[in-house]
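For reference, the chains in residue letters:
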Amino acid sequence: MLLAFARADERESAMKGVRQLAFTPKTLTTRAALQAELERIRQQGFALDDEEHEEGIHCIGAPVFDHTGAIVATISVSWPGFRYEREEEEAQVDQVLAAAAKISAHLGYQGDRERGCPSDIMDAVSF
């Protein structure tokens, strides 16, 4: 998530000399695959981990932006595969995006506050 929303020069600098090791059969192990995934994450505004780091674990992550529009953190949820229901994924993504949007708003972020998250979901999340 941090790489996906970092400036291009920061992303390239961070990736220099990094070896991509396979943790599971689903791990992205080529620079081209990682670049494509980072672009997909930027386009959709969130990340999914479908057992790429640990077999049997699924994750959803969303970016948190500060008042300058820079990514400063991420928020994510993880759960075991036996509790994962693909048909529930969209609602779970919406909840994670809503939480990230609210935190970003608390940090003064004024940009695209919804980042793909419907406003009614943002209003339903409270801290």
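For the structure, check the block above.
Nothing here was measured: the structure is a model prediction, and the numbers come from that model.

About the criteria used
- Residues numbered from 1 in each chain as written.
- Predicted model: local features only at pLDDT ≥ 70, side-chain atom pairs only at ≥ 80, totals over all residues.
- Heavy atoms only, no water.
- Helix = DSSP H or I, 4+ residues; strand = E, 2+ residues; numbered from the N terminus.
- Contact = heavy atoms within 4.5 Å.
- Phe/Tyr/Trp six-rings, centres within 6.5 Å; stacked < 30°, edge-to-face > 60°.
- Buried < 20%, exposed > 50% of the residue type's maximum accessible area, 1.4 Å probe, protein only.
- Salt bridge = Lys/Arg side-chain N within 4 Å of Asp/Glu carboxyl O.
- Pairing = 2+ DSSP bridges.
- Axes fitted to C-alpha atoms, helices over the stretch in contact; angles between N-to-C directions.

A. Layout of the environment of Asp66. Looking at the element boundaries, Asp66 is found in the loop between β2 (57-65) and β3 (71-80). On a C-alpha basis, the gap between Asp66 and Gly111 in space is 9.7 Å, while along the polypeptide they are 45 residues apart. Among residues more than four places away in sequence, those in contact with Asp66 are Val72, Leu107 and Tyr109.

B. Just the packing of aromatic side chains, in detail. Taken as a whole, this structure holds 2 aromatic pairs when the rule is applied. Between Phe5 and Phe65, the aromatic rings sit 5.5 Å apart at their centres with planes inclined by 85°, giving edge-to-face as the arrangement. A residue pair is termed long-range when its members are at least 10 positions apart, and Phe5 in helix α1 (residues 2-5) and Phe65 in strand β2 qualify at 60 residues. A residue is classified by how much of its surface remains accessible, and Phe5, at 16% relative accessible area, is buried. Owing to a relative accessible area of 3%, Phe65 belongs among the buried residues under this scheme. Put simply, the rings of Phe5, Phe65 and Tyr109 pair up and form one aromatic cluster.

C. Quick peek at the pattern of salt bridges. Under the criterion given, the structure shown has 6 salt bridges. One salt bridge connects Arg40 with Glu37, and the closest N-O pair in it is separated by 2.2 Å. A residue pair is termed a helical-turn pair when its members lie 3 or 4 positions apart in one helix, as Arg40 and Glu37 do in helix α3 (residues 31-44) at 3 residues. Note that Glu39 and Arg42 form a salt bridge whose closest N and O atoms lie 2.6 Å from each other. Placement of both Glu39 and Arg42 in helix α3 is noted, with a separation of 3 residues, approximately one turn of the helix. Its relative accessible area of 34% is what places Glu39 among the partly exposed residues. Three or more residues are tied together by salt bridges with common partners; here these are Arg7, Asp9 and Glu10.

D. Broad picture of the environment of Val93. Summarising the element assignment, Val93 is placed in helix α4 (residues 89-106). Look at Val93 and you get buried, because its relative accessible area is 6%. Along the backbone, Val93 and Leu48 are 45 residues apart, and their C-alpha atoms lie at a distance of 8.8 Å. Residues in contact with Val93, not counting those within four places in the same chain, are Phe46, Leu48 and Ile60.

E. The arrangement of the sheet that holds strand β1 (residues 47-50) in detail. Overall, antiparallel pairing links the 3 strands, which are arranged β1-β2-β3 in an open sheet. A strand with exactly one partner marks an edge of an open sheet, and here the two such strands are β1 and β3. The average undirected angle you get between the axes of adjacent strands in this sheet is 20°. Sheet topology note: the β1/β2 ladder contains 4 bridges and is antiparallel. Opposite Leu48, over in β2, you have Ile60 as the bridge partner. Across the face of the sheet, α4 comes into contact with β1, β2 and β3 while running at roughly 30° to β2.

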